[in-house]
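Residues per chain, in single letters:
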Amino acid sequence: MQEKQTLVNIKNLYVEYHTNKGILGGKKTIHAVNGVSLDIHKGEILAIAGESGCGKSTLAKAMIQLEPAKSGEIIFDEKNTLKLDKNGLKDFRKQAQMVFQNPYASLNPKMKIIDILKEPLEINTDYSKEKIEEIVKEKIKLVGLDENCLDLFPHEFSGGQRQRIAIARALVLNPEFILADEPVSALDVSIQAQVINLLKELKEKYNLTIVLITHDMSVIQYLADRVAIMYLGEIVESGKTSDIFSSPLHPYTKALLSSVPQINNSGKKIILKGDLPSPANLPAGCKFHTRCPYVMGKCKECVPEEKGISHRVKCFLYE
Ligand code: SF4
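Residues numbered from 1 in each chain as written. Predicted model: local features only at pLDDT ≥ 70, side-chain atom pairs only at ≥ 80, totals over all residues. Heavy atoms only, no water.

**Student:** Which residues make up helix H7 (residues 189-206), and what are the values?
**Tutor:** Under the 1.5 Å per step criterion, the end-to-end length of H7 is 27 Å for 18 residues, consistent within 8% with the ideal 26 Å. For H7, the complete set of buried residues consists of Gln192, Val195, Ile196, Leu198, Leu199, Leu202 and Lys203. Angularly, the buried residues of H7 cover 155° about the axis, an arc narrow enough to put them on a single face. Exposed side chains of H7 directed beyond 90 degrees from the buried face belong to Ser190, Glu201, Glu204 and Lys205. On its buried face, H7 sits against strand S3 (45-49), helix H5 (129-142), helix H6 (159-171), strand S8 (209-214) and helix H8 (217-223). The first or second residue beyond H7 is Asn207, which carries a positive phi of 50°. (Helix = DSSP H or I, 4+ residues; strand = E, 2+ residues; numbered from the N terminus. Expected span 1.5 Å × (residues − 1). Buried < 20%, exposed > 50% of the residue type's maximum accessible area, 1.4 Å probe, protein only. Arc of directions from axis to C-beta. Contact = heavy atoms within 4.5 Å.)

**Student:** An account of the site of the ligand is needed here, citing residue identities and associated values.
**Tutor:** The ligand sits among His250, Pro251, Cys286, Phe288, His289, Cys292, Tyr294, Cys299, Pro304, Cys315, Phe316 and Leu317. Within the shell around the ligand, the residues separate by chemical class into 10 nonpolar, 2 polar and no charged. (Near = heavy atom within 4 Å. Nonpolar A, V, L, I, M, F, W, Y, C, P; charged D, E, K, R; others polar.)

**Student:** An account of the pattern of salt bridges is needed here, citing residue identities and associated values.
**Tutor:** Tallied over the full model, the rule gives 18 salt bridges. Close ionic contact of Asp151 with Lys112 constitutes a salt bridge, the shortest N to O distance being 3.6 Å. Of this pair, Asp151 sits in the loop between H5 and H6 while Lys112 sits in the loop between helix H3 (103-106) and helix H4 (113-124); the two residues are 39 residues apart in sequence, bridging distant segments of the chain. We classify Lys112 as partly exposed; its relative accessible area is 28%. Glu319 is the salt-bridge partner of Lys298, the closest N and O atoms lying 3.9 Å from each other. Residue Lys298 is located in the loop between helix H10 (251-258) and strand S11 (306-307), and its partner Glu319 is located in the segment after strand S12 (312-314); the two are separated by 21 residues in the primary sequence. Look at Lys298 and you get partly exposed, because its relative accessible area is 39%. Each of the salt bridges in this network shares a partner with another, and the network as a whole consists of Lys137, Lys141 and Glu147. (Salt bridge = Lys/Arg side-chain N within 4 Å of Asp/Glu carboxyl O.)

Have a look at this one:
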């Protein structure tokens, strides 16, 4: 079997925030991403899934340096992007673009669509005015909109159309790598499928590599080639989507999948006890032990290592 080419190689990445707004007023450190190592293959859609607050959006932002990393490496095109100088970072940002969750907030309401789409080209290239207009027209058609809409403002579009515009903006620099953070969760259910299908078409047509951040397991099942399950800033299970959905191993993954009626054939929902612990106060040992139905003595003290080859899991049940 041909080995997949790696586009992004993340090694032992940590992201922390510091805040003064604790309940008791003291300084707090939020451990948002805790030692994530992950390969992203060229031309794949890799989904990163988990509950709200698990660190998946922070991880995505750290990948394109919208959040500073505390330590670790992100290797893209054989360079550690965390060590790039100003020019290197500018080049990297042309290759890696983000589509945000809320197309209502991510498009400047005071700018016409044509100016929103031109802006990244004007900042990052020395193309002529004519070439920029040509690219803008090509990309707006690519996302299924008519070039007449270029003269309108964001408020004149529906949510689904705005997300198409946001995708067109992400594509104007011909990036190889797209990070889509909950790209359909702010949209009506009736139009979510259109945007999901658009991402799938674009990935196939241009061999794009997409990291999809989502809590929606049915979107993952439809769209993603591989999935990484995140809990309290760690990847606890990862592998091919078909393997994870047919044979989930980690108790957390099993609970996530059991809550989706279309996926859960047994109909038995696993209810986890308690809430997600605060990332300011991480549990010792396996971070999932406070909610795990299979918790053992050693889970409270020792950290399980990641095991497996194609389908990887971090849990003492599989040692
Ligand atoms: Fe549960 Fe222990 Fe596995 Fe953690 S290591 S998921 S607590 S069984």
